[in-house]
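What the coordinates show
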Amino acid sequence: MRLSISSIERPPGPHSILPEKLLREFMRDPIKTLMKIAYTYGDISHFKFGRQHVYLFNDPEYIEDVLIRNYKNFIKSRGLRVSKRLLGEGLVTSEGKYHDRQRRIIQPAFHPNLIETYGQIMTDYAQRMCQRWKDGMTLDIHKEMMHVTLAIISKAVLGSDVKLEKDNEVGNALLVCMEYFNRLQMPFGELIEKIPILPINKGFQRAKMSLDSIVYNMIKEHRNNESRGVRVAEGDLLYTLLQAQDTEAGIKRMNDTQLRDEVMTIFLAGHETTANALTWTFYLLSQNPTVEDKMYEELCSVLGDGDADKGNSSYNSRIPTIEDVPKLEYTEKVFRESMRLYPPVWGIGRQAINDYKVSKYVIPAGSVIFMSQYVMHRNPRYYSDPDIFYPDRWSKETMLQLPRFSYFPFGGGIRGCIGESFAWMEGILLLAMIYHQWKMHHDPVHRVGLQPLITLRPKYGMRMKLEQRKERSNN
Ligand code: HEM
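Here the structure is a predicted model, which is why all the values come from computation and not from measurement.

**Notes on the overall build of the protein**
Counting its regular elements, the protein contains 19 helices and twelve strands. Out of the 475 residues belonging to the protein, those deemed buried represent 40%. The long-range share in the protein, meaning contacts at least 24 apart out of those at least 6 apart in sequence, stands at 74%.

So, in structure tokens, the structure goes:
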């Protein structure tokens, strides 16, 4: 039986603030508003967002309960309707039994052993990017990271070479789609769709058609090759997806539409997040010279002395490989700490299907539960000096002691990030490769701000001046 709304005890929250006022505050600065609510009212708080009841959870146990123990009682929130227009019924947007079944057959394609085959792709593309850079140049490092991670994911998924330059059809079409979704997330964004003749809607339709045709052609090519026993390229995720099936559970291979939806989903989910994580890491390093020096020491001890050939972009020391990743312990801590302070996915929402009991409260069906990585990762109960960038806090002992969901940049459970191993490897390899050759100086007149859309972007991009590393003795 469902509870009548008037008969329930609600957790504390900003009841005194008019919903409209809260809404305006939220629209202006969602992260600041959520931080204020969580750290004023406690581990479970309640507020109304328009007519929607929202419960903000800021306790690892409660978050674990929603994402793991009781996940069947929740669906993702309504924002996904829009994404379905591009992603169809891919992993991010599908629900219930269909999602769980797809997840089971796709999961093996993301096994860490298979992901290792993508290491070379990652460093190849990063190197191509670095070869275009010049000593003393100032550029928007966020744009660079978006391009390189997009090129990597396209190559990893389709096995086809994607250029980093402007004439990259897949890249351009994906950027148009992402821009479109981000615009729809903004205040009044949903009105955009209602006017089909707007250039932005037409642009989205064109981009979608172009992506569809590329992906369907690749699927056809892969199927033809498969029937002839030819594999397009080593480490080609589409090939693995094409093969994926679960014979034990009687699950057959995916049809073309399913494959298309999953490929499109991986394209979109698999690059902006890592690009943001790397951008924020470069920013944090530029602001923390002691950390930067320590990381560079490690890179030199693992990869060589970074002896750059002056005036030339070639350099003598080694490019990192996946075998180096376990040795780059401090680099890993830097990346981990950066995702604590600037989690690329800053919040996860779930809607309760049935009434849900937590602590002494019963949350009525239909309510939204919001769990924010940004808010939790700065919780002083788990992190001393939570706003300080301090990679050394990630000792083995600390990691064992911290509750599982006090740090959850990749979510968790059956809906947790399927690309987590991919992201760790890409993050560490690119960070090591780039930082070993280049030092970055944040342009002091450039503003830094958060743009919390689906992911946590730097609002004004990230302008950095590049300094090519010279021989260590000259440093
Ligand atoms: C630093 C990089 C990344 C971060 C922080 C990140 C974070 C996340 C989070 C938090 C979720 C769960 C969302 C929710 O529960 O509502 C998620 C889901 C997902 N991610 Fe990632 N992700 C990253 C990189 C990647 C990469 C590289 C790929 C693919 C190669 C990927 C593919 C996916 C997919 C397909 C899902 C949906 C999983 C499902 O619902 O079954 N992600 N990601």
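**What to know about the environment of E272**
Its location among the elements puts E272 in helix α14 (residues 272–287). A count of 27 C-beta atoms within 10 Å places E272 in the buried class. In sequence terms E272 and T149 are 123 residues apart; their C-alpha atoms lie 7.4 Å from each other.

**Here we look at helix α7 (residues 119–132)**
When the terminal C-alpha atoms of α7 are compared, their 21 Å separation across 14 residues agrees well with the 20 Å that a helix rising 1.5 Å per residue should span. Where α7 is concerned, the buried positions are I121, M122, T123, Y125, A126 and C130. Those residues of α7 that are buried are in contact with α8 (141–158), α19 (420–437) and β9 (438–442).

**Let's talk about the packing of helix α15 (residues 289–303) against α19**
It is the contact of α15 with α19, at a shortest axis distance of 10 Å, that shows an interaxial angle of 95 degrees. Taken together, α15 and α19 sit at an angle that is classed as roughly perpendicular. Contacts between α15 and α19 pair M295, Y296, L299 and L303 from the former with A432, Y435 and H436 from the latter.

**Some remarks on unusual backbone geometry**
Backbone geometry at S359 places phi at a positive 50 degrees, although glycine is not the residue there. Its place among the elements puts S359 in the loop between β6 (356–358) and β7 (361–363). On the basis of neighbour counts, which here come to 14 C-beta atoms within 10 Å, the residue S359 falls in the partly exposed class. Its identity as a non-glycine residue notwithstanding, D385 has a phi of 40 degrees, on the positive side. Of note, D385 is situated in the loop between α17 (373–376) and α18 (396–401).

**Let's talk about the packing of α14 against helix α16 (residues 329–341)**
At a minimum axis distance of 9 Å, the contact between α14 and α16 shows a crossing angle of 100 degrees. One element, α14, and the other, α16, form an angle in the roughly perpendicular class. Contacts from A277, W280, T281 and L284 of α14 reach α16 at V334, F335, S338, M339 and L341. Partitioning the contact of α14 with α16 into residue classes produces seven nonpolar, two polar and no charged.

**Description of the site of the ligand**
The ligand sits among 24 residues. The nearest are G270, T273, G411, C417 and G419. Counting residues per element, the ones that place at least two in the shell around the ligand are α13 (256–269), α14 and α19. Broken down by class, the residue content of the shell around the ligand amounts to 14 nonpolar, seven polar and three charged.

**Some points on the nonpolar core**
Residues M122, V157, L174 and A432 are the most contacted members of the largest nonpolar core, which totals 119 residues. Broken down by element, this core gets its largest block of residues, twelve residues, from α19. Those residues in contact with A432 that lie beyond four places of it in its chain are L299, L303, P320, D324, L328 and T331.

**Considerations on the sheet that holds strand β12 (residues 463–468)**
Note: strands within a sheet are paired through backbone hydrogen bonds, in either parallel or antiparallel orientation. Read across the open sheet, the three strands follow the order β4-β12-β9; overall the sheet is antiparallel. Each edge of the open sheet is held by one strand with a lone partner, namely β4 (138–140) and β9. Each strand axis lies, on average, 40 degrees off the axis of its neighbour in the sheet, ignoring direction.

**Looking at the pairing of strand β5 (residues 348–352)**
The alternating pattern of β5 places I348, R350 and A352 on a buried face and G349 and Q351 on a face that is not buried. Bridging between strand β3 (residues 74–76) and β5 involves three bridges; their strand directions are antiparallel. In the strand pairing of β5, I75 is matched with Q351.

Conventions and cut-offs
Residues numbered from 1 in each chain as written. Predicted model: local features only at pLDDT ≥ 70, side-chain atom pairs only at ≥ 80, totals over all residues. Helix = DSSP H or I, 4+ residues; strand = E, 2+ residues; numbered from the N terminus. Buried ≥ 20, exposed ≤ 12 C-beta atoms within 10 Å, placed from the backbone. Contact = placed C-beta atoms within 7 Å. Expected span 1.5 Å × (residues − 1). Axes fitted to C-alpha atoms, helices over the stretch in contact; angles between N-to-C directions. Parallel < 35°, antiparallel > 145°, perpendicular 65-115°, else oblique. Nonpolar A, V, L, I, M, F, W, Y, C, P; charged D, E, K, R; others polar. Near = placed C-beta within 6 Å. Core = buried A, V, L, I, M, F, W, Y, C linked by C-beta atoms within 7 Å. Pairing = 2+ DSSP bridges.

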